[in-house]
Amino acid sequence: MKINQRKIDYIIIILITLFATSYIIGTLLINPTGYVTGDSANYLWLSGRILDGHGFFLPTDGREGAVERWFATWPVGYSSLISGVSWTLGVPTLLASKILNIFLLSLAVLALYIVLGQNGLIASLVLLTAGTLRNYTMTWSEAPFLTSIIILCLFLGKILNDDQRVSNKSLIILFFLLILPFL
């Protein structure tokens, strides 16, 4: 019985995803901090506030005459995504952030494979190196940033190689992809 190459590629993608999942969830369970830093705590705090119906407003720490202040210190997109995963799956924001990061890592691997084929699978192994995998293990905005930059570069590569026709639709996609890393 001969297995075709596409099935082998999908098995490799699944194995990469399973490795990343076991590593990210495993480190969450064995590390006393859950890989939460000061930045991570802020993302999770804002996610909780969004889920509680406060939107992008944070407490003012008792300043007189101010009930809440507008959030503007770190990217709100990541906290919004964490809130969405938490709300959708009904899990705490810490677990939601890890699930989101697993999804983002898998999305980057899949995007590399779709655009570059088997070369993309080889390139995706860079995402499993210590430094890059650490970004997906922590609750940092670097995870969605890296994934969005990878997808942006792949899209730009398709345009530059004339694989993607420049049209109004591709310009809108390009505009969205240029903004996405900074949300």
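Predicted, not measured: the structure shown is a model, and the values here were computed from it.

A. How the structure looks around the confidence of the model for the protein chain. When pLDDT is averaged along the protein chain, the result is 88; 93% of the residues meet or exceed 70. The least confident element of the protein chain is strand E2 (residues 68–70), whose mean pLDDT is 73; the most confident is helix H4 (residues 93–116), at 95.

B. Highlighting the packing of helix H7 (residues 142–160) against helix H8 (residues 168–179). Two elements in contact, H7 and H8, have axes whose closest approach is 10 Å; the angle formed by their N-to-C orientations is 150°. One finds that H7 runs roughly antiparallel with respect to H8. The handedness of the crossing between H7 and H8 is left-handed. Along its contact with H7, which presents Ile151, Leu152, Phe155, Leu156 and Ile159, the element H8 presents Ser170, Ile173, Leu174, Leu177 and Leu178. Residue composition of the contact of H7 with H8, grouped by class: 9 nonpolar, 1 polar and no charged.

C. Representation of the nonpolar core. Among the nonpolar cores identified, the biggest contains 31 residues, and Trp74, Ile82, Leu100, Leu105, Leu127, Tyr136 and Ile150 are the most heavily contacted of them. Of all the elements in the fold, those that place two or more residues in this core are helix H1 (5–30), helix H2 (38–51), helix H3 (76–89), H4, helix H6 (130–137) and H7. A total of 10 residues in this core trace back to one element, the largest contributor, which is H4. Discounting residues that sit within four places of it in the chain, Leu105 has contacts with Ala20, Leu127, Leu128, Leu133, Tyr136 and Thr147.

D. Region of the structure containing H8. For H8, spanning 12 residues, the distance from its first C-alpha to its last is 17 Å, which sits close to the expected 16 Å at 1.5 Å a residue. Of the positions making up H8, those classed as buried are Ser170, Leu174 and Leu177. Looking straight down H8, one finds its buried side chains confined to an arc of 65°; they lie on one side. Turned more than 90 degrees from where H8 packs its buried face, Asn168, Lys169, Ile172 and Phe175 sit exposed. Tucked inside the fold, the buried residues of H8 contact H7.

Rules used in this analysis
- Residues numbered from 1 in each chain as written.
- Predicted model: local features only at pLDDT ≥ 70, side-chain atom pairs only at ≥ 80, totals over all residues.
- Heavy atoms only, no water.
- pLDDT = per-residue confidence, 0-100.
- Helix = DSSP H or I, 4+ residues; strand = E, 2+ residues; numbered from the N terminus.
- Axes fitted to C-alpha atoms, helices over the stretch in contact; angles between N-to-C directions.
- Parallel < 35°, antiparallel > 145°, perpendicular 65-115°, else oblique.
- Left-handed = near helix turned anticlockwise from the far one by under 90°.
- Contact = heavy atoms within 4.5 Å.
- Nonpolar A, V, L, I, M, F, W, Y, C, P; charged D, E, K, R; others polar.
- Core = buried A, V, L, I, M, F, W, Y, C linked by side-chain atoms within 4.5 Å.
- Buried < 20%, exposed > 50% of the residue type's maximum accessible area, 1.4 Å probe, protein only.
- Expected span 1.5 Å × (residues − 1).
- Arc of directions from axis to C-beta.

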